[in-house]
Structures are given as C-alpha cells and as structure tokens.
Amino acid sequence: MTKITNYKGVLGFILCCVACFSQLKAQDAEVRYHVSGKIIDARTKKGIKKIPVTVLPFNRVVHADSKGAFLFNMPAGKYTFLIDYYPFDKQEVSLNLQSDTTLSIELHCPVGSFYLEEVEVISSKPATEQPAGMEQIDSHMLKSLPAMIGERDILKAFSLSSGVTSSSEGAADMQVRGGVHGQNLYLLDDIPLFSTEHFFGLVSVYNPTSIKSARLYKSGFPAEYGGKISSVLNVLTEDATLDKFKGIAETGILSSKVGLNIPIVKDKLALTVAGRLSNYSLVNIVSPFIPEKIGTRFSFHFGDLNANMVWKVSKKDKLKLTFFSNTDGIDVNSLMDDARTKMWIKNNQQNAGINWYRTVSDKSENQLLVYGDRYGYDYGNSSQSMITSSKQIVQILTGINSAGIVEKFSYKLSDQFRIKTGGSLKTYGFAPYQVNQSDTSIHAVKVAEVVRQTEGVVFAESDYQFARQQTLTAGLRVSTVGNADRMYTNLEPRIGYHGIFRNDYSISASVDRMTQPIHRVANSGLGFPFEMFVPSGASVLPESSWNFSVGGAKDFVMNKNRFSLKAEAWYKTMQHVVEFQDGYDAVYTTIIRPQPVALDTRNYITQGNGTAYGIDFSADYNTKGLSVTADYTLMKAEYRFDLLNNGLPFAAPTDIRNSLSLTTEVKLSDTWSFSATWQYQTGRPITVPDYIFISPATGGIAGELRDYDGSLYQRVETQRNNYRTRPFHKLDISFTHNYKAFKRYNASISLGIYNVYNRANPYIYFIDGVETTKGHYEPILKSMSMFPVLPSFTWTVKF
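The structure presented is a predicted model; accordingly, all values stated were derived computationally and were not measured.

What counts, and where the lines are drawn
Residues numbered from 1 in each chain as written. Predicted model: local features only at pLDDT ≥ 70, side-chain atom pairs only at ≥ 80, totals over all residues. Heavy atoms only, no water. Pairing = 2+ DSSP bridges. Helix = DSSP H or I, 4+ residues; strand = E, 2+ residues; numbered from the N terminus. Axes fitted to C-alpha atoms, helices over the stretch in contact; angles between N-to-C directions. Phe/Tyr/Trp six-rings, centres within 6.5 Å; stacked < 30°, edge-to-face > 60°. Buried < 20%, exposed > 50% of the residue type's maximum accessible area, 1.4 Å probe, protein only. Lys NZ or Arg CZ within 6 Å of the ring centre and 35° of its normal. Salt bridge = Lys/Arg side-chain N within 4 Å of Asp/Glu carboxyl O.

Explain the sheet that holds strand E4 (residues 69–75) here, please?
The strands that make up a sheet pair up through hydrogen bonds in the backbone, lying either parallel or antiparallel. An order of E4-E1-E7 is seen for the 3 strands of this open sheet, with the pairing classed as mixed. With partners counted over all chains shown, the strands left at the sheet margins are E4 and strand E7 (101–107), one partner each. For this sheet, the mean angle separating the axes of adjacent strands, direction not counted, is 25 degrees.

Hey, could you run me through the packing of aromatic side chains in this one?
The geometry of an aromatic ring pair is captured by two quantities: the separation of the ring centres and the angle between the planes. Tallied over the entire structure, the rule returns 24 aromatic pairs. An angle of 70 degrees between the planes, with centres 5.7 Å apart, marks the rings of Phe-194 and Phe-533 as edge-to-face. With Phe-194 in the loop between strand E12 (191–192) and strand E13 (197–198) and Phe-533 in strand E31 (residues 531–535), this residue pair connects regions lying 339 residues apart in the sequence. Assigned by exposure class, Phe-194 and Phe-533 land together as buried. Judged by centre distance (6.4 Å) and plane angle (25 degrees), the rings of Phe-617 and Tyr-632 are stacked. Remark: Tyr-632 occurs in strand E35 (residues 626–640) and Phe-617 occurs in strand E34 (residues 605–623); sequence separation between them is 15 residues. Looking at Tyr-632, the relative accessible area reads 27%, which means it is partly exposed. Aromatic rings pair up to connect Phe-417, Tyr-464, Phe-466 and Tyr-497 into one cluster. Stacked on the ring of Tyr-357, the Lys or Arg Lys-318 has its end atom at 5.1 Å from the ring centre. Stacked on the ring of Trp-344, the Lys or Arg Lys-342 has its end atom at 5.6 Å from the ring centre.

What is the right way to read the sheet that holds strand E2 (residues 52–56) from this model?
The strand order across the open sheet built from 4 strands is E3-E2-E5-E6, with neighbouring strands paired in antiparallel fashion. A strand with exactly one partner marks an edge of an open sheet, and here the two such strands are strand E3 (60–63) and strand E6 (91–97). Each strand axis lies, on average, 25 degrees off the axis of its neighbour in the sheet, ignoring direction.

Sorry if this is basic, but what is going on with the pairing of strand E33 (residues 561–580) here?
Along any regular strand, the residues point their side chains to alternate faces of the sheet. Where strand E32 (residues 543–558) and E33 come together, 15 bridges link them in antiparallel fashion. Across the sheet, the residue bridging to Ser-545 is Met-574, located in E33. In textbook terms, the turn of a hairpin is the stretch between consecutive antiparallel strands, and for E32 and E33 this stretch comprises 2 residues, one of which, Asn-559, has a positive phi near 55 degrees. In terms of strand pairing, E33 meets E34 through 17 bridges, oriented antiparallel. When the bridges of E34 are listed, Tyr-571 appears paired with Tyr-613.

Any chance you could explain the pattern of salt bridges here in plain terms?
When their charged atoms lie close together, side chains carrying opposite charge are able to pair. Scanning the entire structure with this criterion turns up 21 salt bridges. The closest approach of N and O atoms between Arg-494 and Glu-492, which form a salt bridge, is 2.6 Å. Given a relative accessible area of 0%, Glu-492 falls into the buried group. As a salt-bridge pair, Arg-657 and Asp-655 come within 3.0 Å of each other at their nearest N and O atoms.

Put into structure tokens, the structure is as follows:
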C-alpha cells in the first residue's frame, strides 16, 4: 500500500505542476497582443514590399512581406516602430500596446524624390511632383540604361534628359542650357569636385556602384548652392548600414568594381568602401618585361576609391566620415634613333570630409560639414640622347586645393512653413600652371600655390505652402570672395513656385541669380585633357547669370498605364564669360608662350557676355513591363566679346539647336529585360579657315605639300564658330539577365552594343589636301570618327 501511495503522490505532484504551468501559459497568453498592419507609399497608396522595420527597445529588424504587410505577437508595453529606408522620410511610430492593434503606416518621399520597386516597376515618376527644372536619377534607374563599353555613367545618363548635352561623343561631361562644362557645380556628398573625368573624358569619376541618388538642378536653384552659373549636380553615395555585411562586385570591358559594407560595432559603427580599377592596368605588369629593342614600353590606368564611415553616436547624433580619391596615369617609354623618350600624363584628386548630423528636435535639424580637397595635373615629355647623354624635359603642372566649413540648419515652423539657413567659409589655393624646361636631370617638381582666395557665404531660404499643394520658395545667398588683389560681394536672390492642381497637372516658375568666382579654362572634349583654374581678381571678373524659367506638367492615368508630359521655357543671360583670345589654347598658352608673360591672364583670356534661351519637352509612358521616355530641346546660345569676332555676336560652342533622346526599357520576363537609347543632335559650331594662302617665301613648293597646319601656309579665319558639324546620332541597346549566382547570390549579366548601326559621327575636323590633276594638292575639310560599333559586357553579383 505504501508503494502505491508513493506513486499517487508523485502523480499528484506532476498533475499539479502541469496545472500550474498551464495556468502560467494562460496568463502569459492573456498579456500578449497582435500588432498587424501595412506599409504603403503615400503617393501610390500601394503596399511596399520588404521594408525593414526596427522594433525598439528590442532593436530587432523585421521585414514586411511582398505586399507590405507585417504581423507581431508582443507582450503589453510601450514600443517604437522605426522605418528609415531610402528614399522615404524617416518615420517613427510610438505605441502603448494594451490590445490587438492594426496600423497603417504611410511613407512619404522628399519633394522631387520617388520610389521605384526594383523588379515590379520599371519606371514611374509623376511629372507633377517636382519642378520642371529638376531631374533625379537613383541607382535603379542608372542600372537600366545601356552602357558604353560596359560603363554606366551618371553624367551620360543626365545627358539624355532635356536641356543637357555633352561636349562631344563619348565625353563624360555636361553642357546645361547653353552653359559649358566648367559652369556646372559638381558635388559628391556635398563636397565640390574640380575634375569629373577619367580616361581623358571617356568616363566620369562617379563610381556607379557607390551611387545612391543624384539630383540635377537646371533652374530653381536652392539658396544653399552657388559658385557656378549653369547648373548644380549633387551626387550622394550609399551610407554604411549598421546591421548587415553586404557587398557587390562588377566587371566589364573597361574596368572592375568592388563595394563592401562592413558593420564594425552593430547598430553603432559601420564602414562602406567602393573601389574601381581599369582592367587594362594589367598591362602595367607585362610592360616592364618588354625589351626596349622590341618596341615601346607603356603603362596606363585609372581608378577611384569611395569610402564612408558612419557612427551613430546617439538617437539624435550621427557622424559620417567620407573619403574620395581618383587617379589617372599614362607612361610611355621608347627607344628610337639612339634616343630614349618618355611621355607621361598624371591626373589625381582627393577629398575628405566629416559630417555631423544632429536632430535638435522633431522640428529642427542641423548639419555641420568640414572638408578639404586637392586636384593636381602633371604632363610632360623628355628625351635623352644615347650618344651624348644630354637630356631635355618639358613639364606642365597645374592644380587647385581648397578647405571649408559649412553649416546648415533647418526648422519646421508648421506644416505650411519651413526655413533653412546657414553659411560657409572656404579658402582656395591656385597654381594656374607652372612650366619647367630643362636639359639636366629630371626632378619631381611640386606645384607652387601662386594665388590664395577666401570666400564667405551666408544664405537663408523659406518654403511656404500658402494653399494645398501650392508652395512658394524664396531665398537669398550673399557671398564675399577675393584676396588682397580684389574683393567682390555678390547678392543672389532665388524665387520659385511649384503648384499641383486638380486633374493631375502642375505649374512651376523660378527666377535665380548665380555667380562664379572660379573660372575653368580647358581644351574641350577628349584627347589632351588639360584644364586650369583661374581666380577672380582685378583683371578677371566673376561670372554671373540670371536664369528665368516657367513650365508645366500633366499626368494621365489610364487603368494601369501612366503617361506624363512636361515642358519648360527658359531664358538665361550670362555676364563675364571666360574664353581664350584668338590664336590661343591651353597648349599654346602653357608651352609656347614665355611663362612670365603667360602667367598674366590678360595676355590670353578675354571676357564677354552671352544669352541662351529655349524650351525643353519630356514625355514618359509607363505600363506593366514597358517604359518609354522622350526628351527634346529646342534652343539657341550666343556670345559677344569685344576682342573676338570683331565685337560681333557669334554662336556659342554649346549652340546645339535641336537635341532628341529616346529611351525604352522592356521587361521580357521575370529574369530578362531589354533597354535601348537613341540620340540625335544637330551640328555644333566650330571655327574653320575661310581662306588658306601659300606663303610667298615658299617659292611655289608649298603647293606640293599637304601640311596645312605648317608654316608654309597662312590660315585666315574671318568669323568665330563659322561652321557647323554634321548631325550626330546613334543607337545603343542592351539585354540584361538576372539570376542566382552559385545558387544563392543575386547576379546579373548585361550584353550590349554601342552605336548599333555604326554611324561615323565626326569627332575631329582637320584640313587635309586632295591631289589635283596637275599633281598639286588643294586644301579640303575632313573629319575623323572615334567610336564605331562597340560591344558592351557587364557582370554583377551581390552578396
């Protein structure tokens, strides 16, 4: 009996424990509640898939499903749901959970931004949401464009938009609404870039794997930007993410790229690095082993590095350290006719900055930026006799460096009124150029800072929504720039309006004044990439411009199809534009002219005025699996200089009357897509000789020669930019296949063709001779093209 009693006691104890445990579970279930909801785009009212939601205080990240829905089972208590996902504004939702709750969270994009689903939507941007004079491209849009020799370039992407052209075929630069390349403000994470070109202008220094977004202002300039008179381009790189290691690798015909995101201290500190290196740099490994007797030794490369480190100091403070470096180089060594010759071109640029972002309150934010940058250029050639050991060298050095501190403060007074104010202090060091000629040993020569210049800026701007979706922007920028030679104070008012009305149409207008104290003079296009920077002073005045624009947009929504139209008329006046005087260019100025004479800019630079006006049209059609975009510009640009063209007006080098680009992307399947672009431009103005005379000193021999650039002939040019080149047009296509690499990583392969129908677009014009029946030569104008039909290949993998 005792034994049975013991079993009953044990059984009773077990049943008691089970009952207590069940009671505890029941009590626990009573204090846990469901939190369900959906994250939607405030513009489209559609769910946004895979949006990361951080649940505080657990600091746990959960992703919404493919329809934007989420579901939590959580104990009662106080929680915060944090959503910080580009390009949407950061949003925090606080909740005191005491019962089952359903949330509907709408995410808003900043003005001018829009969200694109990477797979489901090819392109969708209501034209009415942003002013007509602003363009924006993000990483998704950039990937959809055909690449030139495997390189997708942000500047070439913008050149497809209305009002923007490039200086020549293949050039990675921009000419915006009649302005030249040197009149654009190029920014990388808010730090100015003095040079934007790799590989002699073929590729820009903006690494596509590191780009998060880019915004181009053609009009309606915010008051915080200045220093250039034509446009503002601000390119932002991907911030380091704090919670996840990830990377991307890409290789193409021209270069290879790698990007890494490395969390160092989870949720506190992270680093991202993106690098690019030219594939033909491998030639540098083989070149030293080539015997001099066999041929020429050569090495050449280009590369760049982007890095940023993010430290989340607290909930309100974030520090971001950025670094950028790009280099280009060519070295050619040869042994010919008992002489060893060497030629080199070196181009380098670096900058570093630290940003302190502070959320002062839920209505105000502050940003403090401290940065420094430098740009240097080194070109030279030398020869050494193998018999006498004598050496000769010609070397050209130029450069500019700067440092600055920038403060920006924004405050939201109400839902209808916001202000932004700030200021900056910058200092510049110029070495316009330095020429070294010697017959002794070659020594490295550092660029000497010839001129110092200081700039101080204050600005203020307000956005006032005086009615529903009717916004008036007013701002003023005041700058003082100069040195001991001369000081200038510039007032730059900015006024803009953007209104969205019923029936999906909008109107925008702006009036802006811009000034430019630093002048860039350069040889245009590809080839010899020499550029020098000249400060304003007693002999060179700051450039300035007035920009007027008015435009409208209309969106048509038909079932699941969207059609948008946008047009903007603009007028620009330019004062004190810089040009070389007749008979001068960068090579003649730096090499042939004596240096003491050439250092005085009055001897080779002149200034005049210009006007440009036109109208830009854009049309977008989007439906499921198809996107078509058309951009067209009709314009005219004209210069007038007292010392050029006998003081008469002449066509500006950017006077391309008609330009048209067509872009399409087709989603062929879940894994395949096709894209194509077609461009057309009417001819650009250039200067050619009106007459070519034989020098009397030749004694008739010159008629038997073809060197029309030599001393035996006299070229006479009666007008500047008196000839227009042949029209330019080409078609580029590409196919992209998305797949799983190694059965786990997202990857893509792009195959394309540049200049599909092999259009021989003129790149260089020159005077050549044609033989007559008498055996003599007569001059004729000829052209040479540079870019025939070319293949394109890019392989990308994300891990």
